[in-house]
Amino acid sequence: MQYNESEFLIETEVPYDEVITSRTDLKGNITYANEIFCEISGYSLEELLGKPHNIVRHPDMPKSVYKELWDTLKSGNQWIGVVKNLRKDKGHYWVKAIVSGVYKDGELVEYKSLRTPIEYDEKLEHQRLYDKIRKENGEKIRRVIYE
């Protein structure tokens, strides 16, 4: 698959005083999204509710990152990592994500994700890392140049 859409290059900055919050059911379908998630992703709340959270998965993200996320969650631990997300308009935004299970009476009932902005240098570092991982895993890559 080749991506030629120039919109992929448009980045939306996450404000430093905001926390993007969402919850999903155990299958990863969105059950809650806060207003800033809607604003940054470009989707309305109605468009997000009931949809798989991977609606915002950017094609630059290696599949292995999400495998690690799900393996970590299934083992009962929280996952922390840097994610490049896809906006509805094909733009993107970078966040540090903390994803964990939500328990009621000791039983896992849903997942929650808190996402905060990251610094420019961290975006560069992770773009290079994810390009390297995708290449090593035989996934399609595209060259992103930051100046």
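Please refer to the structure higher up on the page.
Residues numbered from 1 in each chain as written. Predicted model: local features only at pLDDT ≥ 70, side-chain atom pairs only at ≥ 80, totals over all residues. Heavy atoms only, no water.

This next bit is on the overall build of the chain. Of the regular secondary structure elements, the chain holds four helices and five strands. Helices (α) and strands (β) of the chain occur, in sequence order from the N terminus, as β-β-α-α-α-β-β-β-α. The C-alpha atoms of the chain give a radius of gyration of 15 Å, which matches the 15 Å a tight globule of 147 residues would have. Along the three orthogonal principal directions, the C-alpha set of the chain runs to about 50 × 30 × 30 Å. In the chain, buried positions account for 44% of the 147 residues. Sequence separation of 24 or more characterises 52% of the internal contacts of the chain that already satisfy a separation of 6 or more. (Helix = DSSP H or I, 4+ residues; strand = E, 2+ residues; numbered from the N terminus. Rg over C-alpha atoms; globule rule 2.2 N^0.38 Å. Buried < 20%, exposed > 50% of the residue type's maximum accessible area, 1.4 Å probe, protein only. Contact = heavy atoms within 4.5 Å.)

Formed by 28 residues in total, the largest nonpolar core has its most connected members in I20, F37, L48, W79, V83, Y93 and Y130. Of all the secondary structure elements, the ones that give two or more residues to this core are strand 2 (30-33), helix 1 (35-41), helix 3 (63-74), strand 3 (79-86), strand 4 (92-104) and helix 4 (120-136). Per-element tally for this core: the top contributor is strand 4, with five residues. Once residues lying within four places of it in the same chain are set aside, the contact partners of V83 are M61, Y66, Y93, W94, V95 and A97. (Core = buried A, V, L, I, M, F, W, Y, C linked by side-chain atoms within 4.5 Å.)

The next thing to look at is the pairing of strand 2. By the bridge criterion, three bridges tie strand 1 (residues 20-24) to strand 2 in an arrangement that is antiparallel. Its bridge partner being in strand 2, T24 is matched across the sheet by I30. Counting the residues between successive antiparallel strands, the hairpin from strand 1 to strand 2 contains five residues, one of them, G28, with a positive phi of roughly 90 degrees. (Pairing = 2+ DSSP bridges.)

Further remarks concern helix 3. Between its first and last C-alpha atoms helix 3 spans 17 Å; for 12 residues at 1.5 Å apiece the expected length is 16 Å, and the two agree. Of the positions making up helix 3, those classed as buried are V65, Y66, L69, T72 and L73. Buried positions in helix 3, seen along its axis, are confined to an arc of 125 degrees and lie on one side of it. In helix 3, the exposed residues that point more than 90 degrees away from the buried face are K63, K67 and K74. Here the buried face of helix 3 lies against strand 3, strand 4, strand 5 (107-116) and helix 4. Taken from the residues just after helix 3, G76 is the one with a positive phi, measuring 90 degrees. (Expected span 1.5 Å × (residues − 1). Arc of directions from axis to C-beta.)

Our focus in this paragraph is the pattern of salt bridges. Throughout the structure, instances matching the rule amount to nine salt bridges. Its salt-bridge partner being E11, residue K123 comes within 2.5 Å of it at the nearest N-O pair. Of this pair, K123 sits in helix 4 while E11 sits in the segment before strand 1, and the two are 112 residues apart along the sequence. Accessibility expressed as a relative area gives 4% for K123, which makes it buried. Across the pair D60 and K84 runs a salt bridge whose closest N-O atoms are separated by 2.6 Å. A residue pair is termed long-range when its members are at least 10 positions apart, and D60 in the loop between helix 2 (45-48) and helix 3 and K84 in strand 3 qualify at 24 residues. Residue classification places K84 among the buried positions, given a relative accessible area of 1%. Bridged by salt links that share partners, the residues E11, E13 and K123 form one connected network. (Salt bridge = Lys/Arg side-chain N within 4 Å of Asp/Glu carboxyl O.)

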